[in-house]
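Structure assessment
The lines below spell out each chain.
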Amino acid sequence: MSNFYNDNPDLLFTLKNLELEEVVKLKEKNYTEVEKFDYAPENYEDAIDSYDKVLAVIGDVTGERIAPRSRQVDEEGPHFENGVVTYHPLTKKNLQELTDAGVMGVILPRQYGGLNFPTTIYTMMTEMVSRADASLQNLFGLQDIGETICEFGDEEQRAKYLPGFASEADGAMDLTEPDSGSDLQSVRLKATQDPKTGKWYLNGMKRFITNGCAKTHLVLARSEEGTTDGRGLSMFICQKCPELVVRRIEHKLGIHGVATCELQYNNVPAELCGQRRRGLTKYVMSLMNGARVAISAQAVGIAEAAYREAKKYASEREQFKQSIDKFPAIYDMLARMKTKLAASRALLYETTKCVDLRNSYNHIMDHGTLEEQTPEVREKSKYYSKLAAALTPMSKALSTESANQIAYDCIQIHGGTGFMHDFDAERYYRDARITNIYEGTTQLQVVAAIGGVMQRVLDNHINELFDRIKAEGLYARLKTLVCDMFEKQLAAVKFVAEKKDAEYQNLRARNLVENETFVLVSLLMLRDAQKDAKREALAERYILDAVHDFERNNQIILSNDLTTIDRHREVIDY
């Protein structure tokens, strides 16, 4: 028997130790939800018990049923003919089993058929689904679209669309166009309103749309005639219809189980979601930040699968009369893989906790009563919004880059065998590669994170974590190392800020963001080690490795080396 929740001590530890009391209390409206729904939790312990039971069910579905089918789904994938996408029978079976488990509307309110679970718990499910079949997560994870409609749509739209998401989560997020990838403010798909009926119609093209054959689409479109920037964009809801044509599906390096579509809109009927002109500036940014958390979890799930595959192979493969995991070159790789995996997971769930708090306090400010919108709630809304905005890109950068390295090392440990299609190692490598590209490349995550680093958004959070680390024994030594890194990071940020050179700041942004991540994750690892002594070795290994990588970055930042800025064309064009 294989259960992807119960066999993972790191996930079990996370649920037990994340300290979600404030999150759950807000989510359950001070536990008054039980007055309307008898299956809602009565208190925090009841909620954690409920989460634990549902996670165990998903662990069983992913481990026992979805994972064994993943190879065939990868090899055969969806079928496309005459404009119609047909998913593989095993993909349909996987989706049906997740639907039967009642988790297609995990984060949606109960009145629309959802479970009203925090994003943190949904993310744990996302990680397990990704470990079993990364491409399936691209379908399971589309329930984020339902959450966006819930938050920004009107009540008529919520009643119309959310029950469908709670039962099957068949949606698509239509953002990218042939000439508008990362630069979403240049989106050109046109939204036109009929002056007589007031109805909206969409015309244009979208590309690289995950599950573009879906029933329900959230579409970013240009609603304001004569505009060319993000302020002319609005968000629309449309549904599958003859006017919405799937022109083709892409042949991709990885995530073969999900269809990535090119779409043509031929006067597609649509509904405005939220206010005009807020499509990119508020709604899509919220949607993409949720998607970035989901991709972070997808990366962690792939990394978990790749690490386990490498560890198993190394323990069974014998060379020179002993298993290869006895050789320093191999066990060093495995130790680094496991440390990167644990670090990615620690930052991911610290991020989801902040996202949950941000979402709850923002919801009160947007939809609560005047009595609920106290100065304290307003301050917490601002604080957690800044914190989540800083942590989300850092988490995606760390998780996805680590997943790629872990998948790479998995193949390396397999040697020539890992290069063959007969083993899963090559699939993990292919699937991991997209994670640091879509929903914003790592380079764009750095752009998103550098503002928070320069403005020192995380300082209070970092100092609170320092206060929680005891100063004795191993912890005192490691805490001193992290404190030294933090002081150097503050000095490096000051150095860059005082230069008042935007190009130099942009050039060194990745070094600065990586070093901020080293400091924060080191503290998270130490905090967790204090709760479980078995994690001490992980924390020590992570920090000792981080110190060396941090120092290299720090020296680069302080070097004031301008040659790349001054002479990059000479290098590139040689």
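Residues numbered from 1 in each chain as written. Predicted model: local features only at pLDDT ≥ 70, side-chain atom pairs only at ≥ 80, totals over all residues. Heavy atoms only, no water.

1. Thoughts on the overall build of the protein chain
- Of the regular secondary structure elements, the protein chain holds 19 helices and eleven strands.
- Against the compact-globule benchmark of 25 Å for 574 residues, the protein chain has a radius of gyration of 24 Å, which places it among compact chains.
- Of all 574 residues assigned to the protein chain, the portion counted as buried reaches 55%.
- For the protein chain, the accessible area works out to roughly 25300 Å², and carbon and sulfur atoms hold 51% of it.
- A gap of 2 Å separates the mean positions of the 72 positive and 86 negative side-chain charges of the protein chain. (Helix = DSSP H or I, 4+ residues; strand = E, 2+ residues; numbered from the N terminus. Rg over C-alpha atoms; globule rule 2.2 N^0.38 Å. Buried < 20%, exposed > 50% of the residue type's maximum accessible area, 1.4 Å probe, protein only. Areas by Shrake-Rupley, 256 points an atom, 1.4 Å probe, with all protein chains shown as cover. Lys, Arg positive; Asp, Glu negative; His and termini not counted. Charge placed at Lys NZ, Arg CZ, Asp CG, Glu CD.)

2. Some words on helix α4 (residues 89-100)
- End to end, α4 covers 16 Å across twelve residues, agreeing with the expected 16 Å (1.5 Å per residue, within 8%).
- Remark: Gly 102 follows α4 within two positions and exhibits a positive phi of approximately 80°. (Expected span 1.5 Å × (residues − 1).)

3. A word on the packing of aromatic side chains
- Per the counting criterion, the structure on display carries eleven aromatic pairs.
- Ring plane angle 90° and centroid distance 6.1 Å describe the contact between Tyr 313 and Phe 423, whose orientation is recorded as edge-to-face. One end of the pair, Tyr 313, is in helix α9 (residues 279-316); the other, Phe 423, is in the loop between α11 (375-414) and α12 (425-432), and 110 residues separate them in sequence.
- What makes Tyr 313 buried here is its relative accessible area of 11%.
- Residue Phe 423 is classed as partly exposed on the basis of its relative accessible area, which comes to 31%.
- Seen from their ring centres, Phe 320 and Phe 327 are 6.4 Å apart, and the 85° between their planes marks the pair as edge-to-face. (Phe/Tyr/Trp six-rings, centres within 6.5 Å; stacked < 30°, edge-to-face > 60°.)

4. As for the side chain of Thr 14
- Checked against the element boundaries, Thr 14 lands in helix α1 (residues 9-17).
- Leaving out residues up to four positions away in the same chain, Thr 14 has contacts with Met 124, Arg 345 and Tyr 349. (Contact = heavy atoms within 4.5 Å.)

5. Details of the packing of α9 against α11
- Where α9 meets α11, the axes come as close as 8 Å, and the angle between the chain directions of the two elements is 20°. Judged on the interaxial angle alone, α11 and α9 are roughly parallel. As α9 packs across α11, the resulting crossing turns out to be left-handed.
- Taken together, the residues that form the contact of α9 with α11 break down as 15 nonpolar, seven polar and three charged. (Axes fitted to C-alpha atoms, helices over the stretch in contact; angles between N-to-C directions. Parallel < 35°, antiparallel > 145°, perpendicular 65-115°, else oblique. Left-handed = near helix turned anticlockwise from the far one by under 90°. Nonpolar A, V, L, I, M, F, W, Y, C, P; charged D, E, K, R; others polar.)

6. Re the nonpolar core
- In this structure, Leu 98, Met 125, Leu 202 and Ile 413 are the most contacted members of the largest nonpolar core, which totals 179 residues.
- Ranked by residue count, the leading element in this core is α9, at 19 residues.
- Not counting chain neighbours up to four residues away, the residues in contact with Ile 413 comprise Ala 310, Tyr 313, Ala 314, Ile 324, Ile 330, Met 333, Leu 334 and Met 337. (Core = buried A, V, L, I, M, F, W, Y, C linked by side-chain atoms within 4.5 Å.)

7. Side note on the side chain of Ser 323
- Note that Ser 323 resides in strand β11 (residues 322-323).
- By relative accessible area, Ser 323 is classed as buried at 8%.
- Engagement of the side chain of Ser 323 in a polar contact is seen with the side chain of Asp 325, the distance being 2.6 Å. (Polar contact = N/O pair within 3.5 Å; in protein donor to acceptor, adjacent residues only side chain to side chain.)

8. Quick look at helix α7 (residues 143-152)
- The buried count for α7 comes to eight of ten residues, which makes it a mostly enclosed element.
- Regarding α7, the residues found buried are Gln 143, Asp 144, Ile 145, Gly 146, Thr 148, Ile 149, Cys 150 and Phe 152.

9. Structural notes on unusual backbone geometry
- Positive phi values are uncommon outside glycine, yet Lys 29 reaches one of about 50°.
- Turning to its location among the elements, Lys 29 is positioned in the loop between α2 (21-27) and α3 (44-76).
- According to the relative accessible area criterion, Lys 29 is partly exposed, its value standing at 48%.

10. Some points on the pattern of salt bridges
- Under the criterion given, the structure shown has 49 salt bridges.
- Between Glu 570 and Arg 567 there is a salt bridge, and its shortest N-O distance comes to 2.7 Å. A residue pair is termed a helical-turn pair when its members lie 3 or 4 positions apart in one helix, as Glu 570 and Arg 567 do in helix α19 (residues 563-573) at three residues.
- Overall, Glu 570 belongs to the partly exposed group, its relative accessible area being 45%.
- A residue is classified by how much of its surface remains accessible, and Arg 567, at 47% relative accessible area, is partly exposed.
- The network of salt bridges with shared partners includes Asp 7, Asp 10, Glu 127, Arg 131, Glu 304, Arg 308, Arg 345 and Arg 535. (Salt bridge = Lys/Arg side-chain N within 4 Å of Asp/Glu carboxyl O.)

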